[in-house]
Amino acid sequence: MKTNQKLVVALFALLAVAVCQAGFAQVVPFKARGDNAIYSQPFIGGDGSTSSLGKATHMGKVYGEGQALPTVGNNWETVGDYTLTAANGDTIRMNGGGTVDVIPLGGGLFYAVWTGEFNVVGGTGRFANVGPGPAPIAVVAINNPFTFAGPIWTYSWTLTGKINLGKK
């Protein structure tokens, strides 16, 4: 008889935990990527704006846009913001920064890898309650070969991490 009572108590405890967790945040994996992104490089008068088509989990096809600007005193550190917009208009907004490793290829061409972190700061529509996951989202952007005289640089990008979708 005592074994049955213990089993009933254990089942009620598990049920209570499941019910409580249903009201808390839903942290989920988040990945996004895009190719042929465009960057208006600010070294020769561009505004640091960037845009791209891509795909993201929980969003499907996305249009990404934002701005990445060099920080004062070091042209290879950047700060910026970025918004992903799904086909239905729902958005996830992020901001953050990172560093750029520039590699000379010879002949005036360069290759660059930008690594950084974005923090989720809000959203709209289905993502109205979105927030940061347990850690910032990792960002990697890899430039196609470029010259510093070129006003537009192109690159591929990935975002990897977790986001908090808010309450279930």
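Now for a quick tour of the structure. (Residues numbered from 1 in each chain as written. Predicted model: local features only at pLDDT ≥ 70, side-chain atom pairs only at ≥ 80, totals over all residues. Heavy atoms only, no water.)

Here we look at the overall build of the chain
How we decide: The numbering of helices and of strands both runs from the N terminus, where a helix is a DSSP run of H or I of at least 4 residues and a strand a run of E of at least 2. Exposure categories follow from relative accessible area, calculated using a 1.4 Å probe and restricted to protein chains: below 20% of the type maximum is buried, above 50% is exposed, and the middle band is partly exposed. Accessible surface area values rest on a Shrake-Rupley calculation with a 1.4 Å probe, where residue burial reflects the displayed protein chains alone.
Along the chain, the regular secondary structure elements total one helix and nine strands. A buried classification covers 33% of the 168 residues belonging to the chain. Entry remark: accessible area of the chain is about 9600 Å², with carbon and sulfur atoms responsible for 62%.

Considerations on the pattern of salt bridges
The following threshold applies: We define a salt bridge as a contact between a side-chain nitrogen of Lys or Arg and a carboxyl oxygen of Asp or Glu at a distance within 4 Å.
The tally for this structure, following the rule as stated, stands at one salt bridge. Between Arg 33 and Asp 35 there is a salt bridge, with the nearest N and O atoms lying 3.4 Å from each other. For Arg 33, a relative accessible area of 45% translates into the label partly exposed.

Here's the deal with the packing of aromatic side chains
Here the distance between the centres and the angle between the planes together describe a pair of aromatic rings. As a reminder, the rule being used: Between 30 and 60 degrees the pair is tilted, below 30 it is stacked and above 60 it is edge-to-face, where a pair is any two Phe, Tyr or Trp rings, Trp via its six-membered ring, whose centres lie within 6.5 Å.
Counted under the stated rule, the structure contains nine aromatic pairs. Relative to Trp 157, the ring of Tyr 82 lies with its centre 6.0 Å away and its plane at 70 degrees, an arrangement referred to as edge-to-face. Placement of the pair is Tyr 82 in strand 4 (residues 74–86) and Trp 157 in strand 9 (residues 152–167), with a sequence separation of 75 residues. Here Tyr 82 matches Trp 157 in class, with each residue buried. Each ring, one from Phe 146 and one from Trp 153, has its centre 4.2 Å from the other, and the planes form 35 degrees; the classification is tilted. A relative accessible area of 7% places Trp 153 in the buried class.

Describing the pairing of strand 1 (residues 25–40)
Note on strand geometry: in a regular strand, side chains alternate between the two faces of the sheet. The line we're drawing: DSSP-based pairing: two strands are paired if at least 2 bridges between them are found.
Judged from the 13 bridges that link them, strand 1 and strand 9 form a sheet pairing that is antiparallel. Considered in strand 9, the bridge of Ile 38 is made with Thr 154.

A closer look at unusual backbone geometry
Although it is not a glycine, Asn 36 adopts a positive phi angle of roughly 55 degrees. Its place among the elements puts Asn 36 in strand 1. Within the chain, His 58 stands out as a residue other than glycine whose phi angle is a positive 70 degrees. Note on placement: His 58 falls in the loop between strand 2 (49–56) and strand 3 (60–71). Judged by its relative accessible area of 31%, His 58 is partly exposed.

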